[in-house]
Structures are given as structure tokens and as C-alpha cells.
Amino acid sequence: MTKTKKQKYVAKPEDYVSTKEAVIYGAADIFGGGQAAFLSVILLAFFTNIIGIEAAVASTIITVSKLWDAISDTGMGLISDNTRWSKLGRRRPYMIIGGILIPFGLAFLFAPIQGLGANSKIVWMVFAYIVYCTISTISQVPFMSMASDISMDYRERNKANTWKLIFDIISGGLLYLIPSLIWGQVSAGNMSYLQFYFVIVFGFGLFFGIPLIVAGFMVKERAPFDCSNKVKLKLKDYFAGLKVKSYQHHIVMYVSAFLTMDIVSALAIYYTDYIGDHSGLVTGTPAVIMQIGDLTINMGSMWVIMPMMVFAAIGIVIAFVLKAKFSKQVAFRTLLPLYIIGAILLACYDPRWGKPYLVPIFSGIMGLGFAGAQSMPWLIFPDTVDVAELKLGYRPTANMSGVMTFCRKAATAFGVGMVGWVLTGAGYIPSKISETTGKEIFFAQPDSVYIAIRVFLAVTVTVLITIGFIAAVRYKVTDKKLERIRYFVDKRNEVGVEGFTAEEKAEYDKLIKELC
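Residues numbered from 1 in each chain as written. Predicted model: local features only at pLDDT ≥ 70, side-chain atom pairs only at ≥ 80, totals over all residues. Heavy atoms only, no water.

### Re the overall build of the protein
Keep this limit in mind: Going along the chain from the N terminus, every DSSP run of H or I of four or more residues is numbered as a helix, and every run of E of two or more is numbered as a strand. Exposure classes here rest on a 1.4 Å probe applied to the protein chains alone. A residue is buried below 20% of its type maximum, exposed above 50%, and partly exposed in between. Contacts: residue pairs with any heavy atoms within 4.5 Å of one another. In this description, accessible areas are obtained by the Shrake-Rupley approach with a 1.4 Å probe, and a residue is regarded as covered only by the protein chains that are shown.
If you tally the helices and strands in the protein, you get 18 helices and six strands. Each of the 516 residues in the protein was classed as buried or not, and the buried ones make up 59%. For the protein, long-range pairs separated by at least 24 residues make up 80% of all intrachain contacts whose partners lie at least 6 apart in sequence. When the accessible surface of the protein is split by element, carbon and sulfur atoms take 68% of a total near 20,700 Å².

Laid out in C-alpha cells, this is it:
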């Protein structure tokens, strides 16, 4: 890295990432950022209300499948690291293959199997979701590894990963809102299941897959690797990154934040149906209906999710100001208390107050609080790979990416599973689609269901966000320290630690002690 006369940094040619390439790489995260939102909004409700599977059983299906998804990440990381058969490198072939397979995975997962017997439905859905999760893993572990491998210069990485974040936020927002809108049309009988199925397969499938395929051909992998050396699977080596203190804190930050969002998203349909009174069971009429021309839209879960996403977008601007002025971890944690406040207010809301506008206000507070936690983790990830290289002497990028997604998916498996288990334990009575009108029929719930939804929302958010906040306080990596890490790693590779001056050796040891 050199400086111009204006003190502006100019990347080395081998590290430079053009804006075009950064945008293409970022766009490939439409799937990574959108699919989790898409599935968390509708999958559990799809299992219970359309396929007709009991909530606890549906949650168990999701849990089993996500556990396989988490475990397979570790294997995919090893496969990607050892790939030598393609001129496209270690990551890009799998981005292309995964992108091609995504529509087929969605076609299998959302197949019209309502006419099957109860046990056949369960077997089908377990197998279908495992296949879908495997397809996701094929593309996502290598793609996430590219967050670090796209450049060895942290500023160039930040540029590419900022575009990744932009598309992640856009796709996440759209994929929380659009499925909610579509689900509302299915519930109201305005969209047949066949129409819903084609939208899922050809609409979302191509929307997810095409950017990954394009990025697979257009994005470069710049991190060096030894073509003659293949990594053998050793469990202790695979989790070597977990020896790095900064990486531990980063995983806790990432998992706590996104597990919270997964749980809130899974609860959103049930919350709006019975607490926000989308079903009209409490006050006699649905809480909020919008009329756009001849189209009547019962807002449903959009009444929670839409303001959350809008205010999250506003909060991300604040988070980037905090990142520029202070650090990524400060940007991550500063607004988090608002998330807790918004969740508690939502949990306390009573539709009998006759003030449904309070729901989007409280949801907006949550969205503002989530902004930093949503935007920072994957910007932080390449930094933790640099820290790991300082301690371990090599860059276990795919391993760390795989372990990171493993932890998130394993946590999500149990977290989203808890939603169904808690609802079933509380006595939840699933709605169903009328065979004559095509509309969703809701049933009055026992008081225990209302209490369970409120308590689960407030307690889960409070506990998980507090854990993430503490981890962010303990995470100490800054841009200044990253510059010194790069200096010490490069010099150590050239002359060894014995080539350091006394002052450099002292600083080197201090960095390892503080960050590793």
C-alpha cells in the first residue's frame, strides 16, 4: 500500500477491485441476504397453514434440516479449500453450480403435496428441506469466503463488502416484505396455490440464482493459495479459528443478532394474526386493510416487517457514520438498546386499545435498533481472518466462513424450532385454507397462546441482544490495528519474527495478546 501526495491510499494493482466487480459481487448476495428473510417469513406458516403439519412437527422438520445445513457447511468449506480442478479457482465454480440449482430446490420445497397422507408429508418435507439446504450450502460457503478472498487489502475488501451489504439490505428488506404481501393474498383467497408456487419457483428462484451465476464468472479470487497443497480434514484444525479471541466475539455478535431476527420473523405472522389482530378475532375486524384500486390488501405481517425494514435502512446510515467516526463494533452496538425497547413495547401492545398505528411505530423502533447489527458482521468477518492469520500463520478463510454459518444455522435451527414448540405447548390451533372460498380461516386461541407470543418475543430479544452487545464491547479490532497486522504478517513472511526490532516485537506480542 502506498500513499499519494494527497495522503489518499491507492491499492496495489494485484489487490485492486473495480467498482463494476464490487457491484457484481455484492449483487450475488441477493440470495444470501434474501433467502433467510424469505423462508423465515413464510416457511413455518406454509408448513402449518397450507401443508397442514402441526406446528411442533413443522418446527422439528426445520430444526433437523437446518442442523444438516449447519453440519454440511464444514464439509463444503473443506471441499472449496481443496478445489483445484477449475480455472475459476476455489470459490466461483460452486457459486455457479449453486445458482443453477436454486430454482429446482425451491420447486421441491414448495411442491403441492397437500393431498398426501400425514406421514408422507413429513417425510417429503424433511427430504425436500435437506436438499434445499444442501443447495444453499454449495453456493453460500464459497461465496462468503470471497468476502475475504476478493482482495488482500482491507480497504478494497471493505469496498466490495459494502456493496455486498447494500444488496444484502435491499434483498433482505424486499424478501421480508414481498413474501408477506404474497402470503396475505393467498390468505385472502386472491391468489391460488398454483400461482403462489410459480411465483416462488420462477420469480424468487431466478431472482436468487442469476446474480450468483454472473458473479461466479466475473469476480476474481485474489487471496493466494498453494495449488500443490490440499488440506486434510482434521476436526481440531477445522475449528482452529475459534482459538482466536476476536473471532469468538465476532461469532457471538453475528449469531445473537441474526438469530434474534430469525425468531422475530418466524413470530411475525403469528403476532400479527393474534396480537396485532390481522385475523380480526379480538375486535371483530382485521386491524389494518389497505385499498389500492380494486386490490384489497390485508396488511398482516407487513404491518410489523415493513416499518422494521424502512427504519433499519435509515439506521444503517447512522451506523456507517458511527463506523467512519469510531469503529465497526461501535456501529454494531450503539443502537441495539432500541431493539429491546421496541420488542417490549410490541409485546405489551393490546389491540383493544384501538390504536393499530402503534404496531408499526414499535416495529420501526426495533428496525432502527437492528441497523448496526444487520450491517456490520460481514464487514467485520475479513478483519477476523486477518487476526487469525496473525496468530495461526495462515488464512483459514473457508473454515472460518463455514464455522460462522454453522453456528448461525445451528442456533437458528433451535431458535425457529422453539417458535413452533412454544406455540404447540401453549395450545395453538392452526388456521387453514377454506376449500370453498380459498380464504384463510382463523380459530380463537386460548389465552396461553397470546401470553406465549408476548413473553417469547420480549424475553428472546432482550436476552440475545444483550449478549450481542456485550460481545461487541469486547471486540477490539480497529482499522489502525489491521494496518499493523498486515505489516507484521508481511514482514514475518519475509524475515521471520527474529527479524523484528525490539519495539516491533513488543507491539507484535501486544497485538496477539489483545486480539488473539
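Further notes follow.
### Comments concerning the packing of aromatic side chains
The geometry of two aromatic rings is summed up by the distance between their centres and the angle between their planes. Selection criterion: By convention, a stacked pair of Phe, Tyr or Trp rings (six-membered ring in the case of Trp) has centres within 6.5 Å and planes under 30 degrees apart, an edge-to-face pair has planes over 60 apart, and any other such pair is tilted.
Going through the model one piece at a time under the given rule, you end up with 27 aromatic pairs. Taken together, a centroid distance of 5.4 Å and an interplanar angle of 70° make the contact between Tyr-487 and Phe-488 edge-to-face. Looking at Tyr-487, the relative accessible area reads 32%, which means it is partly exposed. On the basis of relative accessible area, Phe-488 is assigned to the buried category, the value being 0%. Note on Phe-488 and Tyr-508: the rings are 5.8 Å apart at their centroids and 65° apart in plane angle, and the pair reads as edge-to-face.

### A short note on the nonpolar core
For soluble globular proteins, the rule of thumb is that nonpolar side chains tend to be buried together. Going by this rule: Working definition of a nonpolar core: buried Ala, Val, Leu, Ile, Met, Phe, Trp, Tyr and Cys residues. They are joined through side-chain atoms within 4.5 Å.
In this structure, Phe-38, Phe-46, Phe-110 and Phe-196 are the most contacted members of the largest nonpolar core, which totals 153 residues. It is helix H9 (residues 245-274) that contributes the most residues to this core, 18 residues altogether. Leave out the neighbours within four places in its chain, and Phe-110 touches Phe-38, Leu-39, Ile-42, Leu-43, Phe-46, Tyr-193, Phe-196, Tyr-197 and Ile-200.

### A few points about the environment of Asp-386
The residue Asp-386 is located in helix H14 (residues 377-392) in this model. According to the relative accessible area criterion, Asp-386 is buried, its value standing at 3%. Sequence separation between Asp-386 and Ser-148 is 238 residues, and the spatial gap between their C-alpha atoms is 8.8 Å.

### Considering the pattern of salt bridges
The criterion, for reference: In the sections that follow, a salt bridge refers to a side-chain nitrogen of Lys or Arg positioned within 4 Å of a carboxyl oxygen of Asp or Glu.
Summed over all chains, the structure comprises 21 salt bridges. Among the ionic pairs, Glu-483 bridges to Arg-155, the shortest N-O distance being 2.4 Å. One end of the pair, Glu-483, is in helix H17 (residues 479-495); the other, Arg-155, is in helix H6 (residues 154-187), and 328 residues separate them in sequence. Residue Arg-155 is classed as partly exposed on the basis of its relative accessible area of 23%. A salt bridge links Arg-395 to Asp-386; the shortest N-O distance between them is 2.6 Å. For Arg-395, a relative accessible area of 17% corresponds to the buried category. Residues joined by salt bridges that share partners form a network here, namely Arg-157, Lys-328, Asp-383, Asp-386, Glu-389, Arg-395, Arg-486 and Asp-490.

### Some points on the environment of Glu-54
Position of Glu-54 among the secondary structure elements: in the loop between helix H2 (29-51) and helix H3 (55-81). You can call Glu-54 partly exposed: its relative accessible area is 48%. Between the alpha carbons of Glu-54 and Pro-430 there is a distance of 7.6 Å; along the sequence they are 376 residues apart. Leaving out residues up to four positions away in the same chain, Glu-54 has contacts with Thr-48 and Thr-424.

### What to know about the side chain of Arg-486
Mapped onto the secondary structure, Arg-486 falls in helix H17. Residue classification places Arg-486 among the buried residues on the basis of a relative accessible area of 18%. Contacts of Arg-486, omitting those with residues within four sequence positions, involve Met-152, Asp-386, Glu-389 and Arg-395.

### Comments concerning the environment of Lys-476
The condition that has to hold: Polar contacts here mean pairs of N or O atoms no more than 3.5 Å apart (in protein, one a potential hydrogen donor and the other a potential acceptor; neighbouring residues in sequence count only if both atoms are side-chain atoms).
Tracing the backbone through its elements, the reader meets Lys-476 in the loop between helix H16 (447-474) and H17. Separated by 38 residues in the primary sequence, Lys-476 and Glu-514 have C-alpha atoms spaced 7.6 Å apart. Beyond its immediate sequence surroundings of up to four residues, Lys-476 is in contact with Gln-329, Lys-481, Glu-514 and Leu-515. Of the polar contacts made by the side chain of Lys-476, one reaches the backbone oxygen of Val-473; its length is 3.3 Å.

### Comments concerning a nonpolar patch on the surface
Cut-off, in case you're wondering: Nonpolar side chains (Val, Leu, Ile, Met, Phe, Trp, Tyr) within 5 Å and like charges within 9 Å form the patches, drawn only from residues with over 30% relative accessible area and no salt bridge.
Where nonpolar side chains cluster on the molecular surface, the patch consists of Leu-194, Phe-198, Phe-202, Leu-206, Ile-210, Val-214, Phe-217 and Met-218 and spans about 780 Å² of accessible area. Within the secondary structure, Leu-206 sits in helix H7 (residues 193-218).

### Concerning helix H1 (residues 19-27)
Of all the positions in H1, only Glu-21, Ala-22, Ile-24, Tyr-25, Gly-26 and Ala-27 are classed as buried. Lining the buried residues of H1 we find H2, helix H5 (118-149), H6 and H7.

### Quick notes on the packing of H9 against H14
Quick reminder of the rule: Angles shown run from 0 to 180 degrees and are taken between the N-to-C directions of axes, each axis being a line fitted to C-alpha atoms and, for helices, limited to the stretch in contact. Oblique is the label for any angle not under 35 degrees, not over 145, and not in the 65 to 115 range, which are roughly parallel, roughly antiparallel and roughly perpendicular in turn. In a left-handed crossing the near helix is turned counterclockwise from the far helix by less than a right angle, and in a right-handed crossing that turn is clockwise. Polarity classes work like this: nonpolar for Ala, Val, Leu, Ile, Met, Phe, Trp, Tyr, Cys and Pro, charged for Asp, Glu, Lys and Arg, and polar for all others, with Gly in that last group.
Orientation of H9 relative to H14, taken along the N-to-C sense of each, is 160°, at an axis distance of 9 Å. Looking at the two axes, H9 sits roughly antiparallel to H14. Taken as a pair, H9 and H14 cross one another with a handedness that is left-handed. Across the interface between the two elements, Ser-246, Tyr-247, His-250, Met-253, Tyr-254 and Phe-258 of H9 pack against Pro-377, Trp-378, Ile-380, Phe-381, Thr-384 and Val-387 of H14. Residues that form the contact of H9 with H14 fall into these classes: nine nonpolar, three polar and no charged.

### Concerning the confidence of the model for the protein
What counts is decided by this rule: Per-residue confidence from the predictor is reported as pLDDT, a score between 0 and 100.
The share of residues in the protein with pLDDT of 70 or more is 89%, and the mean pLDDT across the chain is 83. Counting contacts from residues 1-6, a segment whose pLDDT is below 50, to residues more than four positions away or on other chains yields 12 contacts. The model gives residues 289-299 a pLDDT under 50, and that stretch makes 20 contacts with residues more than four places away or in other chains.

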